[in-house]
Amino acid sequence: VKTEHAVFAEPVAAACEILDQVKIPKGAPVAVLGDGKLGLLAAQVLSLYGAGVHLFGRHVDKLAIAAKAGIPAHLNEDLPRSEFQLTVEATGNAGGLKAAIAATRPRGTVIMKSTIHGEVSFDAAPVVVNEITLIGSRCGRMEPAMKLIRSGRLLLDDMITAGFPLSEAAEAFLEAQRPGSLKVLLRAPAWV
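As a starting point, this report considers the structure included with it. Keep in mind that this is a model prediction, so the values were computed, not measured.

1. A few points about the sheet that holds strand β1 (residues 29-33)
In a beta sheet, neighbouring strands are held together by backbone hydrogen bonds and run either parallel or antiparallel to one another. Sheet architecture is open: six strands sit in the order β3-β2-β1-β4-β5-β6, paired in parallel fashion. This sheet does not close on itself; its edge strands, each paired only once, are β3 (73-75) and β6 (133-136). Sheet twist, expressed as the average angle between the axes of neighbouring strands with direction ignored, equals 20°. By the bridge criterion, five bridges tie strand β4 (residues 84-89) to strand β5 (residues 104-112) in an arrangement that is parallel. Its bridge partner being in β5, Glu 89 is matched across the sheet by Met 112.

2. Some words on the pattern of salt bridges
Proximity of charged atoms lets side chains of opposite charge pair with each other. This model, assessed by the stated rule, comprises six salt bridges. Here Lys 2 makes a salt bridge to Asp 157, at a shortest N to O gap of 2.8 Å. Separated by 155 residues along the polypeptide, Lys 2 in the segment before α1 (9-21) and Asp 157 in the loop between α6 (142-151) and β7 (160-165) bring together distant segments of the chain. With a relative accessible area of 43%, Lys 2 lands in the partly exposed category. Of the charged contacts in the structure, one is a salt bridge between Arg 107 and Glu 131, with a shortest N-O distance of 2.5 Å. Here the residue Arg 107 occupies a position in strand β5, and Glu 131 occupies one in the loop between α5 (125-129) and β6, the gap between them amounting to 24 residues. What makes Arg 107 exposed here is its relative accessible area of 61%. Look at Glu 131 and you get partly exposed, because its relative accessible area is 45%.

3. Some words on a nonpolar patch on the surface
Side chains of Leu 166, Phe 173 and Leu 186 sit close together on the surface and give an oily, nonpolar patch of about 300 Å² of accessible area. Considering the arrangement of structural elements, one finds Leu 186 in strand β8 (residues 183-187). By relative accessible area, which is 38% here, Leu 186 ends up partly exposed.

4. Structural notes on unusual backbone geometry
For Ser 82, which is not glycine, the phi dihedral falls at a positive 50°. You can see Ser 82 is positioned in the loop between β3 and β4. Looking at Ser 82, the relative accessible area reads 41%, which means it is partly exposed. Even without being a glycine, Glu 131 presents a positive backbone phi close to 50°.

5. Focus on the nonpolar core
Counting residues in each nonpolar core, the largest one holds 38 residues, and the members touching the most others are Val 12, Ile 18, Ile 24, Val 32 and Leu 46. Elements with a contribution of two residues or more to this core: α1, β1, α2 (37-48), β2 (52-57), α3 (60-68), β4 and α6.

6. Comments concerning α1
An ideal rise of 1.5 Å per residue puts 18 Å on 13 residues; α1 measures up with 19 Å between its terminal C-alpha atoms. Residues of α1 that are buried include every one of Ala 9, Pro 11, Val 12, Ala 13, Ala 14, Ala 15, Cys 16, Glu 17 and Ile 18, and no others. If you follow the buried residues of α1, they end up packed against α2, β4, β5 and α6.

7. Here we look at the layout of surface pockets
A probe matching the size of a water molecule, rolled over the atoms, marks out where space remains unfilled. Space inside the largest pocket adds up to approximately 370 Å³. Taken together, 23 residues make up the lining of the largest pocket; nearest its centre are Gly 34, Arg 58, Asn 76, Thr 91 and Asn 93. Contributing elements (two or more residues each) for the lining of the largest pocket: β2 and α4 (96-103). Here the lining of the largest pocket takes three residues from α4, the largest share from any one element. Classifying every residue of the lining of the largest pocket gives seven nonpolar, ten polar and six charged. Here the second largest pocket defines a volume of roughly 310 Å³. Listing elements by their share of the lining of the second largest pocket, those giving two or more residues are α1 and α2. The residue makeup of the lining of the second largest pocket, split by class, is five nonpolar, seven polar and four charged.

Each value, and the rule that gives it
Residues numbered from 1 in each chain as written. Predicted model: local features only at pLDDT ≥ 70, side-chain atom pairs only at ≥ 80, totals over all residues. Heavy atoms only, no water. Pairing = 2+ DSSP bridges. Helix = DSSP H or I, 4+ residues; strand = E, 2+ residues; numbered from the N terminus. Axes fitted to C-alpha atoms, helices over the stretch in contact; angles between N-to-C directions. Salt bridge = Lys/Arg side-chain N within 4 Å of Asp/Glu carboxyl O. Buried < 20%, exposed > 50% of the residue type's maximum accessible area, 1.4 Å probe, protein only. Patch = residues over 30% accessible without salt bridge, like charges linked within 9 Å, V, L, I, M, F, W, Y side chains within 5 Å. Areas by Shrake-Rupley, 256 points an atom, 1.4 Å probe, with all protein chains shown as cover. Core = buried A, V, L, I, M, F, W, Y, C linked by side-chain atoms within 4.5 Å. Expected span 1.5 Å × (residues − 1). Contact = heavy atoms within 4.5 Å. 1 Å grid on protein atoms, 1.4 Å probe; cavity = no way out; pocket = protein on both sides within 12 Å on 5 of 7 lines; lining within 4 Å. Points joined across faces, edges and corners; volume = space filled by probe spheres on them. Nonpolar A, V, L, I, M, F, W, Y, C, P; charged D, E, K, R; others polar.

Listed below in C-alpha cells is the structure:
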C-alpha cells in the first residue's frame, strides 16, 4: 500500500458505511450526486460492490476520474427524475438534498452524506407522497476501508491533486483551497 493512500482511509470508510446501512441488490440503479472526494469514492465503492452507479457532478475533470473507473459520469443538468432506487447525496451544498429526492424512485432511499452548516429547507411532500426513505450517514468502519484501499481497486492516485514538501506548507494550503482541488499532500522529509 502506498503511504499516500492512507489519507483516504476516513472517506473510504464513509463510503463503505453506505453498504452497512442499506442492502443494495446487484445492478440496482444508484445515483451519486457530487464529484468531490466523497462522491468519487462512494461511486467507486458502490460500483465495486455491484451497484449500477451513475455519478453526477459539475466538474468535467473530476467526472473523468469516475469514467476512468468505468462509472457513467454526467453533468448535473442531466440528472433524471424518479429513476434511481438509491441516491447518495454528497454535493456539500444545500440544494443537493432536493435534487437527490427528485432523482429517487418512489419507495427509494436517499443517503445523506453532506454536512451543511445551518438549516437546509426542502419540500417534504415528495418524500411523503413517494414514500422515500432518508438516511443520515457519516463515517464507517476502518477495517473494510483499509481492505479496499489495500486491494488497489480504487483510483486514489487520480484523486491526489498535488504534493508539497513540508517546507511549502503555505503553498499547499493555498492549493487545497483552490476550487476543483481534491486531495493535497504535505510530505515530511524522509527519516534517516
